Amino acid sequence: MAHIRQGDTVVVTKGREVGKRGKVKRVYRKAGRVEIENVMMVQRHTRPSQKNPQGGIMEKEGTVALPNVAVVCETCDRGVRSKAVVSEAGKKQRACVRCGTEISTPAAS
Ligand SMILES: [Zn+2]
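Read on for a plain summary of the structure. (Residues numbered from 1 in each chain as written. Predicted model: local features only at pLDDT ≥ 70, side-chain atom pairs only at ≥ 80, totals over all residues. Heavy atoms only, no water.)

**Examining the coordination of the zinc ion**
Next up, step 1: Protein coordination of the zinc ion is provided by Cys73 (SG), Cys76 (SG), Cys96 (SG) and Cys99 (SG), with donor distances spanning 2.2 to 2.4 Å.
Next up, step 2: Its four donor atoms give the zinc ion angles of 106 to 112° at the centre, a pattern that matches the tetrahedral case.
Next up, step 3: Here the donor residues for the zinc ion map to a single chain with the spacing C-x2-C-x19-C-x2-C.
Next up, step 4: For Cys73, a relative accessible area of 2% puts it in the buried group. (Donors = N, O, S within 2.8 Å, 3.2 Å for Na, K, Ca; no water. Tetrahedral: all angles 85-135°; square planar, octahedral: opposite > 155°, others 65-115°. Buried < 20%, exposed > 50% of the residue type's maximum accessible area, 1.4 Å probe, protein only.)

**With respect to the side chain of Ser87**
Next up, step 1: Positionally, Ser87 belongs in the loop between strand S9 (82-86) and strand S10 (92-96).
Next up, step 2: Take Ser87: its relative accessible area is 18%, and that puts it in the buried class.
Next up, step 3: Once you skip the residues sitting within four places of it in the chain, Ser87 turns out to touch Gln93 and Glu102. (Helix = DSSP H or I, 4+ residues; strand = E, 2+ residues; numbered from the N terminus. Contact = heavy atoms within 4.5 Å.)

**Here we look at the sheet that holds S9**
Next up, step 1: Strand order in the open sheet formed by three strands is S9-S10-S11, and the pairing between neighbours is antiparallel. Two strands bound the open sheet, and with one partner strand each, they are S9 and strand S11 (102-103).
Next up, step 2: Of the pairings in the sheet, the one linking S10 to S11 comprises two bridges and is antiparallel in character. Residue Ala95 lies in a different strand from S11, and its bridge partner there is Glu102. (Pairing = 2+ DSSP bridges.)

**Things to note about the pattern of salt bridges**
Next up, step 1: Inspection of the entire model under this criterion finds five salt bridges.
Next up, step 2: In this structure, Arg94 and Asp8 form a salt bridge, with 2.9 Å as the shortest nitrogen-oxygen distance. Of this pair, Arg94 sits in strand S10 while Asp8 sits in the segment before strand S1 (9-12); the two residues are 86 residues apart in sequence, bridging distant segments of the chain.
Next up, step 3: Relative accessible area serves as the criterion here: at 2%, Arg94 is assigned to the buried category.
Next up, step 4: Here Lys25 and Glu61 are joined by a salt bridge, their closest N and O atoms 3.1 Å apart. Residue Lys25 is found in strand S2 (residues 21-28), and its partner Glu61 is found in strand S5 (residues 56-61); the two are separated by 36 residues along the sequence.
Next up, step 5: Because the salt bridges share partners, they merge into one network encompassing Lys25, Glu35 and Glu61. (Salt bridge = Lys/Arg side-chain N within 4 Å of Asp/Glu carboxyl O.)

Here is the structure:
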């Protein structure tokens, strides 16, 4: 299982959405699932609310199990496993196991 973080670009490796890529919107550590932009869309039947006075059916991202996604390495242009490396500055980084390119960690937002 890779170290997936919010803001990562990931690819789905298993299940209904295999091959789809997107940016991680949220990581649910405890549940071991991630929410990915425009992946695993599900229909939510919602009641009318202030935000959505009409109610009705809304499309929304569902979650994907963490073991079923892989970080995309920009150099390899595919989903890869990442390994932990320590950079010169002594910071922990993730790197692609295939080509060694560091996988940039998006600034936490
Ligand atoms: Zn790579």
